[in-house]
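Architecture at a glance
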Amino acid sequence: MGTVVASKMKDTVTVAVTRYVKHPKYKKYIMKTKKYLAHNPGNTKAVGERVTIRSSRPISKNKHFIVV
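Note that the structure is predicted; figures quoted are calculated from it, not measured.

Some thoughts on the sheet that holds strand β2 (residues 12-22)
- The strand order β4-β1-β2-β3-β6-β5 describes an open sheet built from 6 strands, whose pairing is mixed. At either end of the open sheet lies a strand with only one pairing partner, and these are β4 (50-51) and β5 (53-55).
- One ladder, built from 4 bridges, connects strand β1 (residues 2-9) with β2; its direction is antiparallel. Counted as the bridge partner of Val 4 is Val 15 from β2.

Focus on the packing of aromatic side chains
- A complete count under the given rule lists 2 aromatic pairs for this structure.
- Plain terms: the ring middles of Tyr 20 and Tyr 29 are 5.4 Å apart, the flat faces sit at 15 degrees to each other, and that makes the pair stacked.

About the cut-offs
Residues numbered from 1 in each chain as written. Predicted model: local features only at pLDDT ≥ 70, side-chain atom pairs only at ≥ 80, totals over all residues. Heavy atoms only, no water. Pairing = 2+ DSSP bridges. Helix = DSSP H or I, 4+ residues; strand = E, 2+ residues; numbered from the N terminus. Phe/Tyr/Trp six-rings, centres within 6.5 Å; stacked < 30°, edge-to-face > 60°.

Okay, here's the thing in structure tokens:
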């Protein structure tokens with residue numbers, strides 16, 4: 001699950017997925033964010049929406065997820 005941060009490409013959105021992890025040495029919890037390109041047929045999602053993505057076959061060089 002993540003937030004759409006960009007939708008400038010055709011049929012593709014950039015989704016930022018944030019997770020809450022504990023630092024191994026300092027034991028402090030920090031938020032780590034990673035961006036994924038996801039297939040969005042028809043450009044139905046807008047920037048700021050919460051979406052769920054799932055893994056799929058490779059659609060392009062960097063795109064391996066689909067917006068559910």
